[in-house]
2 protein chains.
Amino acid sequence: MEKIRIRDDFWDRYTALVRETVIPYQWDALNDRIEDAAPSYAIRNFRIAAGLENGEFGGMVFQDSDLAKWLEAVGYSLASHPDPKLECIADEVIDLVAMAQHENGYINTYFTIKEPGNEWTNLHDCHELYCAGHMMEAAVAYYQGTGKRKLLEVMCKFADHIDTIFGTDEGKLQGYCGHQEIELALVKLFEVTGESRYLKLSQYFIDQRGQEPNYLIAEWERRGRTSYWQEGVTAKPDPRYNQSHLPVREQREAVGHSVRAVYMYTAMADLARLTGDEGLITACRSLWNNVTKKQMYITGGIGSTHHGEAFSFDYDLPNDTIYAETCASIGLIFFAQRMLRLERKSEYADVMERALYNNVIGSMSQDGKHYFYVNPLEVWPEASRNNPGKHHVKSVRQKWFGCSCCPPNVARLLSSLNDYIYLVDQSERTVYVNLYIGSEASFKLSDGGFSIKQQSALPWDGIVSFDIESVPVGSVTLALRLPSWCSGKAELSLNGQPISYEMKDGYAQITNVWQQGDHVEWNLPMQAQWIAAHPFIRANAGKVALQRGPLVYCLEEIDNLSPLSSLSVSPSGKLVELDDRDLLSGAVVIQGEGFASSRADWEEELYRPLSDSNSVKPMNWKAVPYYLWGNRGEGEMSVWLRRAGN
Amino acid sequence: MEKIRIRDDFWDRYTALVRETVIPYQWDALNDRIEDAAPSYAIRNFRIAAGLENGEFGGMVFQDSDLAKWLEAVGYSLASHPDPKLECIADEVIDLVAMAQHENGYINTYFTIKEPGNEWTNLHDCHELYCAGHMMEAAVAYYQGTGKRKLLEVMCKFADHIDTIFGTDEGKLQGYCGHQEIELALVKLFEVTGESRYLKLSQYFIDQRGQEPNYLIAEWERRGRTSYWQEGVTAKPDPRYNQSHLPVREQREAVGHSVRAVYMYTAMADLARLTGDEGLITACRSLWNNVTKKQMYITGGIGSTHHGEAFSFDYDLPNDTIYAETCASIGLIFFAQRMLRLERKSEYADVMERALYNNVIGSMSQDGKHYFYVNPLEVWPEASRNNPGKHHVKSVRQKWFGCSCCPPNVARLLSSLNDYIYLVDQSERTVYVNLYIGSEASFKLSDGGFSIKQQSALPWDGIVSFDIESVPVGSVTLALRLPSWCSGKAELSLNGQPISYEMKDGYAQITNVWQQGDHVEWNLPMQAQWIAAHPFIRANAGKVALQRGPLVYCLEEIDNLSPLSSLSVSPSGKLVELDDRDLLSGAVVIQGEGFASSRADWEEELYRPLSDSNSVKPMNWKAVPYYLWGNRGEGEMSVWLRRAGN
C-alpha cells in the first residue's frame, strides 16, 4: 500500500482551491444555487427518485454522473484532508442515492422518474451504464477516503444486477453503453473488492463492443429508429462516434467522440495489464501512438472538431475551431496512467504532464468558479460571438454548463493528483517518479517501508530533491523521469556529490541500498524554448510556440496588441524570463523580440498592393503560461505565433 | 436602346460553353436526366401542376426557380444567338408554365401539388414570391430576347394577383418574402411594361421589410411556431437571416444570408435610382461599403460562414471554412451594376470585375458540367472529407446539387454578360466602359447612333482598343475605367498619338466629336503584383496573394507540393510570367521564388524544439489563375501564401 500526500507550492494552491472553493461551489451548483447559471437538478432528481419530493426530472439524461463525480472528488479530498462537515453532507447524499436504488439494485433517476419500465432500451443515448460507472468510481473513492462501505455496497448491488442483465449467455442483453465509462469503473470495483465477476463484466463490455451486427444500431432499429435527442425518425447512429465501428482489438486510429474514446482506451489498458492480452496491448499502443503522435494539441488537448466533440483525422489540429474538451484531456491522463501501469515508459508521463499543466488546469479560472469546456489555442472573442463556426469556443470561462461534465471532472482529478506522482514496481523494487510534485510518500516493500519526501520547484524552476526518510533492508531503484522538455540533459547528485546515471525507457535509474537521510537532487534544466510543429499540421505552418518546462505559453491581447496576428516573433531574438509576482498568483513570464505589422496607413480597403508601407516595426512581446489565459478580462489569445523569417 | 454583342477571345469560349453545353446540360438536369446526380424534378413538378402527369412534388420548395433561371438564360442566349430548336423547347416550357397557372394568376408547383389552400401562409420558408420573381426575370429576358410576350403576360397576370394580396391597404397581407428576389424582378417588369403598379409593389416590399412587429415572426406564431424545414415546434426565426431585423433604410451592415442580402440591395439601388429616395441611397452606399470594404474575399466572394450561408462580421474572412457562394457573388455583380446605374464610380465596376473573373467563372469547371456552390480560398481535400466543419467545402466540382441555385445562376449571368460592359449616360452624353470585353456595341443618342468595336486582350494582356464605327452629330464622352489593379498608370492614344486624359470618379474621360474610323487605344499595364490584406483580417496575417490584372492567382498541389502550407513565397524574388498554352484552355502562369520547410527529418512526433534542422530550402513555385483551380484532379489549393520575412 502506498500513502502519498501533496505538499507543493504550486499544487497546494490547487488542492486547496478544490477543497475550499470548487467542492463547495459545485455542491451549490448540484443544488441549483448558482445565480445566472443553468440549474443542475442533480440533487433534486435524486430526491424525486427517492420519493422525497414530487416533480419532473431535470437536466441532462446523464445528470446523475455530475453528482457521482462530485462524490468521487469528495472521497479523494477526505482522504488527504478530513472534514467532518463535508463528510456529513456526503453521507447524507449517499443515503439519498441508496434511497433512490430499486429493489433489484438499479439506480438511475431519469428512468426512475421519467421512463420507468424502459430501462436498458436505449443504451445508445441514455447513459445508464455510464452513470453507473461514475457512481462506482465514487463508491471506490469514498470507501478508500473514509473507510465507509455504504456506497460501495450499494454499487456492488447495482453491479451484480447489471451482471444479470448483460452478457453473452442466452437471455441476456448483448449490449454495451453508448458512452464508455463503466468498463474502467468495474476494474476499480474489482480491484477494491476482489470480486472477479466485475473484472469479467468489464471484459465482456470491452470484448462485445464493435462486434457485428452492431448492437447499438440493432437497438435503434428495434426502437423504431428513434433517438432520445431528437424528435421523429432519426439517422442511423454512426458507430465510429462511440467507437463501436470495429472490435476494440482491431482499432488502430482514434475516431469519434474523444471522451468516449479515451475512457475506453483506459479500460483497455487496465484489462491488458490484468490479463496480459496481447491483442489488447497492441491496440492500446497503437491507439496511444495515434492520439499522441497524430492528433494531440501541444497543450495536451484532444478532439479537433466540435461536431460530435470528436477526433477528426491525423494532423488536423486547427487552433481556432478546436474542441479539446477538458474531460477529454482528463481521460487522456487516465489513459496515460494506465499505460504506465502496463509498461514503464516516460512518454506516457510526458503526455500526462503536458495535459495536466496546460489543458486541464487552464480550463479552470484562478478563482475556481469558472470553467472552459472547450480549450482553444487561438481566440478572437468577436469571432466566438459572431461566427457560428466558433460559437463553441468561449472567450471567457463560464459559471456552469447545462452539460456540466467538465467541472466535476477537474475536481476529481485535482483531488486525486497524489495518485499520479509515483508508480511502484514491486517485482523490480523500483519507485518511478512520473510527476515532479512536492509530496510525502510511503511505499511498502517486502522488506520494509520506503518513505521519501519530494520537493519540487516546478513549474517555475527545475530543481527537484528527494529526502529518504525511511528505508527497507534491500536496495531500491529510484527511477526519475527525464522530461521530454529537457532534451536529454539533467544533473543528478547524491548527498551533494554529482553522480552519473543510466537511462532506461526515459527514466534515470539510481539503484541503491538507501540510508535514512540520503538526499538526491535532480536538476532539470528549464529554459524557455521555441517549439516547431510537424509540417503536416497545416494550421501551424510558419509558426512556433513557446514552452518552458512543462508549461506552454501564449500571448494575450492585454499584454501585447490587437490583432495579435499582426505580431511575428523572432526565434533568434533574446528571451527574458521574469518572475512576475503580481501576475495573478505569480508566474514566470517571458519577454521576447519580434515585429508588428504597421496598420496606421491602412484606409478603408481590404486589399492593396504590397509595398514598403506594408513594413513592420520591431516590437517586444510578453508571453504568459497558457493555463493563466483569460483570467484578466476578455481578449485575443494565441499559442502558435507567426515566425519572422522563412 | 443599346445593342451589344460580345466578340472576345476569352469570353467567347464562355458564352459558347453556356450556349452549347451549359444550357443543354442544365435542360437535361431539369428533366432528371443526369446520371449519378440528385434529380431536379423541376419539369416534372410543372407537368404535375399542369395536370399532365400524376405524382408527388419533388425537390426543394423553391425548385420552380431553377427552371426560371434556365429560361432567363435561354432568353439572353437567344438574343445574341438565335436557335430555333432551343426556342421551340423554351416555348413548350412556357406553355407548360402557363398551364400550371391558376385562374387567378397564381403559379407555384409546390403549393399547387402539395399544399393547395395554404398559399401565402409561410412566406418565411416557402419562397413563393422568390419563385415568382425569378419567373418574372425569365419573362422579361425571354421577351427581350425573342419578342415573344406569352411568358411576360403570364407573369404580369401573376404580378397583378400578387398586387391584390400584398400591401398596406386593409385586408391585404402586410408581408414580404423570406427570400428577397421579387423586389428586383418587379423593377424589371416595370421597366419593360411601364406599369407603375409593379414599381410600387416593389417599393412596398422594400419599405415593409423590417417594420415592427416583424411580419415573418408573427406569421411563425400564427402557424403555431412551425417551420417548413423541421418537424415540431421550432426556434423563433432570426430576422437578421433575411434582413428583416431593421427597416432597410436603417441598415448599415451586411448581415444574414448573403444571397438574400445582395438581391435586396440590388432592388434598393434600383429603387434609389428610380425614385431618388435619399434614405435608400445612403443605405445602399453604406451597405456597399460594408460588403466590399469589410466583408469581401479577394476573389469577390462574400459570406464567411456556411451557418446560414451568411455574412459573419467585419474582417472575419477565413479562407478554409469560407462560404462564398457562387450565387452571392452573382448577386454582388447585380448590386454593383445597379450602383453604377445610380452613380458612375469605378469602384463598383472594380468589384464587378473581381467577382466575375474569379469567384464566378471559377465556380464552373472548364467543361461547363461541374460546379462549386462554395468557393474556398484554401482547400485541404482530406479536411473537406474528414473534418465536419469543412464538409461544405468541396474539393472537386459537383455535377449538380439538391439545392441547385448556383449553376443556372452562372448560366444567366454569362449569357447576359453583354449588359455589364457599357453604361450610357444620355444626359451627360457619356459612354462608360466598365468591363474590357471585346464587343460590338451600338448606342442611340438624341442626335444619332454611336457604334464602337472594342477589342480586348484581357485578362492576359492589358491592351484594349476601340474603333469608332458610326457617330452622332455632337460630341460624345468615352469614359474608360482605370481598373484598381493598374495603380493609376495607363496610356491612352487616339489614332496612334498619345493623348492625355482627365480622371473623374475612376474613369479616364475623352470627350470628342468622333469621326468614323477613329481608333482609341487604352493600354493598361498588367503585371503580376503581390497583394497584402488589411491587418484586421486575422486569417491573412503574414500572407500575401498574387494578382495579375483582374485575375487572382493560387497555388495548387499538382504544380507544387503537399502540404502547400510548407511553402513560403519571397515577394522580393523575381516573378516570371509564362503564357502556358497547354494549361487547360491556355493561361498565363506565374513562377516565383520561395522556400519550403524541410520535413525529411521529422519522425513520429508532433512537436519538437525548433532547431537548425527545421531549416528551409529555396524552392520555386508556380501559380495559376484561381478560376482554373481544381480542373486537374483533386489536391490542395491556396490563394493566400505565407510570406517569407517578417
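Residues take numbers from 1 onward in each chain, read along the sequence in its written order. Naming scheme: in the order in which they are written, chains are lettered from A and ligands are numbered from 1. Reporting of local features is limited, given that this is a predicted model, to residues whose pLDDT is at least 70; pairs of side-chain atoms are given and counted only at 80 or more, and all residues count toward the totals for whole chains, interfaces and linings. To obtain the side-chain values, all non-hydrogen atoms of the structure were used and water was disregarded.

- As annotated in an unreviewed UniProt entry, chain A is Glycoside hydrolase family 127 protein from Paenibacillus hexagrammi.

### Some details on the relation of the copies chain B and chain A
Consideration 1: To line up the copies, we fit them by least squares on C-alpha atoms, keeping just the residues with pLDDT of at least 70 in both. The transformation that overlays chain B on chain A combines an axial shift of 0.0 Å with a rotation of 180°, and the residual RMSD is 0.0 Å. Look at the turn and shift together and you get a two-fold axis relating the two. When C-alpha positions in chain B are compared against the rotation axis, the closest is assigned to Gly645 of chain B, at 2.2 Å.
Consideration 2: We call two residues contacting when some pair of their heavy atoms lies within 4.5 Å. A share of 100% of the interface residues of chain B reappears at the interface of chain A, consistent with the copies meeting face to face through the same patch.

### Some words on the interface of chain B and chain A
Consideration 1: Every contact between the two is made by 67 residues of chain B and, on the other side, 67 residues of chain A.
Consideration 2: Buried area adds together the accessible area that both of two parts lose upon being put together, with accessible area traced by a 1.4 Å probe. Between chain B and chain A lies a buried interface of about 5,600 Å² when both sides are counted; carbon and sulfur atoms form 62% of it.
Consideration 3: What makes a salt bridge here is a side-chain nitrogen of Lys or Arg within 4 Å of a carboxyl oxygen of Asp or Glu, nothing more. At the junction of chain B with chain A, the criterion picks out four salt bridges.
Consideration 4: Arg538 of chain B is paired through a salt bridge with Glu636 of chain A; the nearest N and O atoms lie 2.6 Å apart.
Consideration 5: Among the elements that make up the side of chain B that touches chain A, the one with the highest residue count is strand β14 (residues 529–533) of chain B (five residues).
Consideration 6: The class makeup of the residues in the side of chain B that touches chain A is 30 nonpolar, 22 polar and 15 charged. Comment: elements are numbered from the N terminus, with helices defined as DSSP H or I runs of at least four residues and strands as E runs of at least two. We call Asp, Glu, Lys and Arg charged. Ala, Val, Leu, Ile, Met, Phe, Trp, Tyr, Cys and Pro are nonpolar, and the rest, Gly among them, are polar.

### Remarks on helix α11 (residues 215–222) of chain B
All names here are of chain B.
Consideration 1: Exposure categories follow from relative accessible area, calculated using a 1.4 Å probe and restricted to protein chains: below 20% of the type maximum is buried, above 50% is exposed, and the middle band is partly exposed. Within α11 the residues assigned to the buried category are Tyr215, Leu216, Ile217, Glu219 and Trp220.
Consideration 2: In this structure, the buried side of α11 is in contact with α6 (123–126).
Consideration 3: As used in this structure description, the phrase polar contact means that two N or O atoms lie within 3.5 Å; if the pair is within protein, one of them must be able to donate a hydrogen and the other to accept it, and residues adjacent in sequence are counted only when both atoms belong to side chains. The N-terminus of α11 is capped by Asn214, whose side-chain oxygen sits 2.9 Å from the backbone nitrogen of Leu216.
Consideration 4: Within two residues after α11, Gly224 carries a phi angle of roughly 85°, on the positive side.

### Points about the pattern of salt bridges
Consideration 1: Scanning the model with the defined rule gives 86 salt bridges over all chains in all.
Consideration 2: The partner of Glu137 of chain B in a salt bridge is Arg412 of chain B, and the shortest N-O contact between them spans 2.9 Å. Remark: Arg412 of chain B occurs in helix α17 (residues 406–414) and Glu137 of chain B occurs in helix α7 (residues 128–146); sequence separation between them is 275 residues. Arg412 of chain B shares its class with Glu137 of chain B; the two are buried.
Consideration 3: Linked by salt bridges that have partners in common, Glu556, Asp559, Asp580, Lys622 and Arg632 of chain A make up one network.

### Structural notes on α17 of chain B
Consideration 1: Judged by how many residues are buried, α17 of chain B sits mostly within the fold: nine of nine residues are covered.
Consideration 2: The elements touched by buried residues of α17 of chain B are α1 (9–30), α3 (64–80), α7, α12 (258–275), α14 (326–342) and α15 (346–362) of chain B.

### Describing the UniProt feature "domain: Non-reducing end beta-L-arabinofuranosidase-like GH127 middle" (unreviewed entry) in chain A
Consideration 1: UniProt positions are given in the numbering used here, feature names are shortened, and annotations may be inferred rather than shown by experiment. The positions UniProt marks with the feature "domain: Non-reducing end beta-L-arabinofuranosidase-like GH127 middle" (unreviewed entry) are residues 430–526 of chain A.
Consideration 2: For residues 430–526 of chain A, the helix share is 0%, the strand share is 57%, and the end-to-end C-alpha distance is 26 Å.

### A short note on unusual backbone geometry
Consideration 1: That bond from Glu212 of chain A to Pro213 of chain A is cis: its omega, -5°, falls within 30 degrees of zero.
Consideration 2: Looking at the secondary structure, you find Pro213 of chain A in the loop between α10 (196–208) and α11 (215–222).
Consideration 3: Backbone torsion omega between Ser562 of chain A and Pro563 of chain A reads -5°, so that peptide bond is classified as cis.
Consideration 4: Among the secondary structure elements, Pro563 of chain A is positioned in the loop between β16 (551–556) and β17 (567–569).
Consideration 5: The backbone phi angle of Tyr315 of chain B is positive, close to 70°, even though this residue is not glycine.
Consideration 6: Tracing the backbone shows Tyr315 of chain B in the loop between α13 (278–294) and α14.
Consideration 7: The class for Tyr315 of chain B is buried, based on a relative accessible area of 11%.
Consideration 8: Even without glycine at this site, Asp505 of chain B takes up a positive phi of about 50°.
Consideration 9: Along the chain, Asp505 of chain B turns up in the loop between β11 (502–504) and β12 (507–512).

### A short note on the sheet that holds strand β10 (residues 497–499) of chain B
Residue and element names in this part refer to chain B.
Consideration 1: Strand order across the open sheet formed by seven strands is β1-β5-β6-β7-β13-β9-β10, with antiparallel pairing between neighbours. Of all strands in the sheet, those bounded by a partner on one side alone are β1 (2–6) and β10. Pairwise comparison of adjacent strand axes, ignoring direction, gives a mean angle of 20° for this sheet.
Consideration 2: Relative to strand β13 (residues 519–523), strand β7 (residues 463–470) is paired through five bridges, and the arrangement is antiparallel. From the neighbouring strand, Val464 faces β13, where its bridge partner is Trp522. DSSP bridges decide pairing: two strands pair if at least two such bridges lie between them. For helices, the fitted line uses only the C-alpha atoms of the stretch in contact; every axis is such a line through C-alpha atoms, and the angle between N-to-C directions lies from 0 to 180 degrees.

### Focus: the nonpolar core
Consideration 1: The set of buried Ala, Val, Leu, Ile, Met, Phe, Trp, Tyr and Cys residues whose side-chain atoms join them within 4.5 Å is what this entry labels a nonpolar core. Residues Trp11, Ile162 and Leu480 of chain A are the most contacted members of the largest nonpolar core, which totals 221 residues.
Consideration 2: Looking at this core, you find at least three residues from each of domain 1 (421–523) and domain 2 (529–643) of chain A.
Consideration 3: Within the second largest apolar cluster, 219 residues are counted, among which are Phe57, Ala138, Leu340 and Ile421 of chain B. Where each domain starts and ends comes from a domain assignment, either automatic or drawn from a database.

### Notes on the packing of aromatic side chains
Consideration 1: Geometry of aromatic contacts follows a simple scheme: Phe, Tyr and Trp rings, the Trp one being its six-membered ring, pair when their centres are within 6.5 Å, and the pair is stacked under 30 degrees between planes, edge-to-face over 60, tilted otherwise. Taken as a whole and judged by the stated rule, the model has 68 aromatic pairs over all chains.
Consideration 2: Pairing Tyr422 of chain A with Phe443 of chain A gives two aromatic rings, centres 5.2 Å apart and planes at 70°, and the pair type is edge-to-face. With Tyr422 of chain A in strand β3 (residues 422–425) and Phe443 of chain A in strand β5 (residues 439–445), this pair connects stretches of sequence that are 21 residues apart. Phe443 of chain A carries the same exposure label as Tyr422 of chain A, and that label is buried.
Consideration 3: By way of ring pairs, the aromatic residues Phe10, Trp11, Tyr14, Tyr357, Trp460 and Tyr627 of chain A are connected into one cluster.
Consideration 4: The ring of Tyr14 of chain A carries the charged tip of Arg13 of chain A above its face, separated from the ring centre by 5.4 Å.
Consideration 5: Charges are assigned to positions over rings by a cutoff of 6 Å between ring centre and Lys NZ or Arg CZ, combined with an angular limit of 35 degrees from the ring normal. Here Arg397 of chain B stacks its cationic end above the ring of Trp629 of chain B, 5.9 Å away from the centre of that ring.

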